[in-house]
Amino acid sequence: MRADSSTICVCRRGRWELGIAIGFLVPPVLVPNIEDQDKLAYHISIMFYIIGGVATLLFILVAILFKEKPKHPPSRAQSLSYALASPDASYLSSIVRLFKNLNFVLLVITYGLNTGAFYALSTLLNRMVILHYPGEEVNAGRIGLTIVISGMLGAVISGIWLDRSKAYKETTLVVYIMTLVGMVVYTLTLNLGHLWVVFITAGTLGFFMTGYLPLGFEFAVELTYPESEGMSSGLLNVSAQVFGIIFTVSQGQIIDNYGTMPGNIFLCVFLTLGAALTAFIKADLRRQKANKETPENKLQEEEEEESNTSKAPTTVSEENL
């Protein structure tokens, strides 16, 4: 029994999010907040050596163990995609076709807005927490860990829901709106002076914001089938990185000059825009249509077409007579 593509995507994103969770938790432990610059440099160098060792090990494992594609396609749609793939197809022509797809273009923008807001929030989380709760560097890392772990749970739940309902647009839109609501609540509760409240609101925000990431990839594959999944996913990542850089720099400047609340309101405005644009995306689920096509259905359609074609001349001749 083969796993559904939604579940596969969730597993991939879950491993990625687990890495981010470790990134939130480990650095504050390895690099304490100390005044001695020499000791600080020593702790930072130890952290970089560990990161370099782990990255090298992963590179070796990827080079040895990873295969280009599975022996058997995971679904009928993927099998058809392999059959339809042209060896002469170029990346440029594929990108042109993707950007002619209005639904995909809207998704690229909305995904970039959501994920860019997540990148900005993750990067500036330590600064925001320290401004309101001085000396809580370790807890700032734990809050980031809470965001990602709850997001992994959200991704699993949304993946299971997609497998059963196939309601891609509806699920994406609801999760997007709940991300906006979570961001608003987090913004309003950050400065209340209760760190446990921040843990709860940040975890709720992460459940939807991080849980949205695999939904965007799955929805993109549905909208762009039979184009390469790597191409659509790559464009989503580019959009996320561009918006992430813009949002991180902009929100950082706003926090420095005006405080954390205006900086978070800045993200809320763009999440509102993203939710509105998501509502305009049409659920053109091309991959689902391909999965529903069976050889029996195709044969029946061909027979009906042949039957209609053979009847057409007879009808004309009768009319002429």
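Residues numbered from 1 in each chain as written. Predicted model: local features only at pLDDT ≥ 70, side-chain atom pairs only at ≥ 80, totals over all residues. Heavy atoms only, no water.

Can you walk me through the packing of helix H5 (residues 102-132) against helix H10 (residues 229-258) in this structure?
Each pair of packed helices gets described by two things: the angle between the helix axes and the distance between those axes. In contact at an axis separation of 6 Å, H5 and H10 are set at 40° when each is read in the N-to-C sense. On the basis of their axis angle, the class for H5 and H10 is oblique. Here H5 and H10 pass one another in a crossing that is right-handed. Among the residues making up the contact of H5 with H10, the classes are represented as 19 nonpolar, 11 polar and two charged. (Axes fitted to C-alpha atoms, helices over the stretch in contact; angles between N-to-C directions. Helix = DSSP H or I, 4+ residues; strand = E, 2+ residues; numbered from the N terminus. Parallel < 35°, antiparallel > 145°, perpendicular 65-115°, else oblique. Left-handed = near helix turned anticlockwise from the far one by under 90°. Nonpolar A, V, L, I, M, F, W, Y, C, P; charged D, E, K, R; others polar.)

I tried to follow helix H11 (residues 260-278) on my own but got confused; where do I start?
Every α-helix carries 3.6 residues per turn, so stepping three or four residues along brings you back to the same face. Given a rise of 1.5 Å per residue, 19 residues ought to cover 27 Å, and the 27 Å separating the end C-alpha atoms of H11 matches this to within 8%. For H11, the complete set of buried residues consists of Thr-260, Gly-263, Asn-264, Phe-266, Leu-267, Cys-268, Leu-271, Gly-274, Ala-275 and Thr-278. Contacts from the buried residues of H11 go to H5, helix H7 (168-189), helix H8 (195-209) and H10. (Expected span 1.5 Å × (residues − 1). Buried < 20%, exposed > 50% of the residue type's maximum accessible area, 1.4 Å probe, protein only. Contact = heavy atoms within 4.5 Å.)

Looking at this structure, how should I read the packing of aromatic side chains?
Tallied over the entire structure, the rule returns 10 aromatic pairs. With a centroid separation of 5.8 Å and 45° between ring planes, the pair formed by Phe-243 and Phe-247 is classed as tilted. Of the two residues, Phe-243 and Phe-247 both sit in helix H10, four residues apart, roughly one turn of that helix. A residue is classified by how much of its surface remains accessible, and Phe-243, at 21% relative accessible area, is partly exposed. (Phe/Tyr/Trp six-rings, centres within 6.5 Å; stacked < 30°, edge-to-face > 60°.)

Any chance you could explain the UniProt feature "transmembrane region" (unreviewed entry) in the chain here in plain terms?
UniProt records the feature "transmembrane region" (unreviewed entry) for residues 16-34, 40-66, 102-121, 141-161, 173-189, 195-215, 235-255 and 261-281 in the present numbering. The span residues 40-66 is 96% helix and 0% strand, and its two end C-alpha atoms sit 38 Å from each other. Annotated as 100% helix and 0% strand, the span residues 141-161 places its first and last C-alpha atoms 30 Å apart. (UniProt positions renumbered as here; feature names shortened; annotations may be inferred.)

Before we go on, may I ask you to explain the environment of Leu-188 in this structure?
Tracing the backbone through its elements, the reader meets Leu-188 in helix H7. Among the residues examined, Leu-188 registers a relative accessible area of 52% and is labelled exposed. Residues Leu-188 and Thr-201 lie 13 residues apart in sequence; the distance between their C-alpha atoms is 9.6 Å.

Hey, could you run me through the pattern of salt bridges in this one?
As a working rule, side chains carrying opposite charge can pair if their charged atoms are close by. Scanning the entire structure with this criterion turns up one salt bridge. The residue Asp-256 makes a salt bridge to Arg-127 at a minimum N-O spacing of 3.1 Å. Remark: Arg-127 occurs in helix H5 and Asp-256 occurs in helix H10; sequence separation between them is 129 residues. For Asp-256, a relative accessible area of 52% puts it in the exposed group. (Salt bridge = Lys/Arg side-chain N within 4 Å of Asp/Glu carboxyl O.)

Before we go on, may I ask you to explain the environment of Thr-248 in this structure?
Turning to its location among the elements, Thr-248 is positioned in helix H10. Under the relative-accessibility criterion, Thr-248 is labelled buried at 18%. With sequence-adjacent residues up to four places away left out, Thr-248 is seen in contact with Tyr-119, Ala-120, Thr-123 and Leu-124. Engagement of the side chain of Thr-248 in a polar contact is seen with the backbone oxygen of Gly-244, the distance being 2.6 Å. (Polar contact = N/O pair within 3.5 Å; in protein donor to acceptor, adjacent residues only side chain to side chain.)

Whenever I open this one, unusual backbone geometry confuses me. Can you help?
Note: most peptide bonds trans; most residues except glycine with negative phi. We note that Lys-166 has phi near 60°; this positive angle belongs to a residue other than glycine. Within the fold, Lys-166 resides in the loop between helix H6 (137-165) and H7. Exposure remark for Lys-166: the relative accessible area of 25% places this residue in the partly exposed category.

Please clarify how the environment of Leu-121 should be interpreted in this entry.
Mapped onto the secondary structure, Leu-121 falls in helix H5. Residues Leu-121 and Phe-247, 126 residues apart in the sequence, show an inter-C-alpha distance of 8.9 Å. Not counting residues within four places of it along the chain, the set of residues in contact with Leu-121 comprises Met-128, Ile-147, Met-183, Tyr-186, Leu-205, Met-209 and Gln-251.

How should I be thinking about the side chain of Thr-224 in this particular structure?
Within the secondary structure, Thr-224 sits in helix H9 (residues 212-224). With residues up to four places along the chain from it excluded, the contact list for Thr-224 reads Leu-98, Asn-101, Phe-104 and Ser-232.

Hey, could you run me through the side chain of Thr-171 in this one?
Along the chain, Thr-171 turns up in helix H7. Separated by 2.6 Å, the side chain of Thr-171 and the backbone oxygen of Ala-167 make a polar contact.

In this structure, what is going on with the confidence of the model for the chain? I would like to understand it.
It should be kept in mind that the predicted coordinates are not to be read in detail where pLDDT is low. Across the chain, pLDDT averages 79, with 75% of residues at or above 70. Here helix H13 (residues 295-320) stands out as the element of the chain with the lowest mean pLDDT, 49, in contrast to H11, whose mean of 94 is the highest. Overall, residues 1-8 carries pLDDT values under 50, and its contacts beyond four positions in sequence, including any with other chains, amount to 16 contacts. (pLDDT = per-residue confidence, 0-100.)

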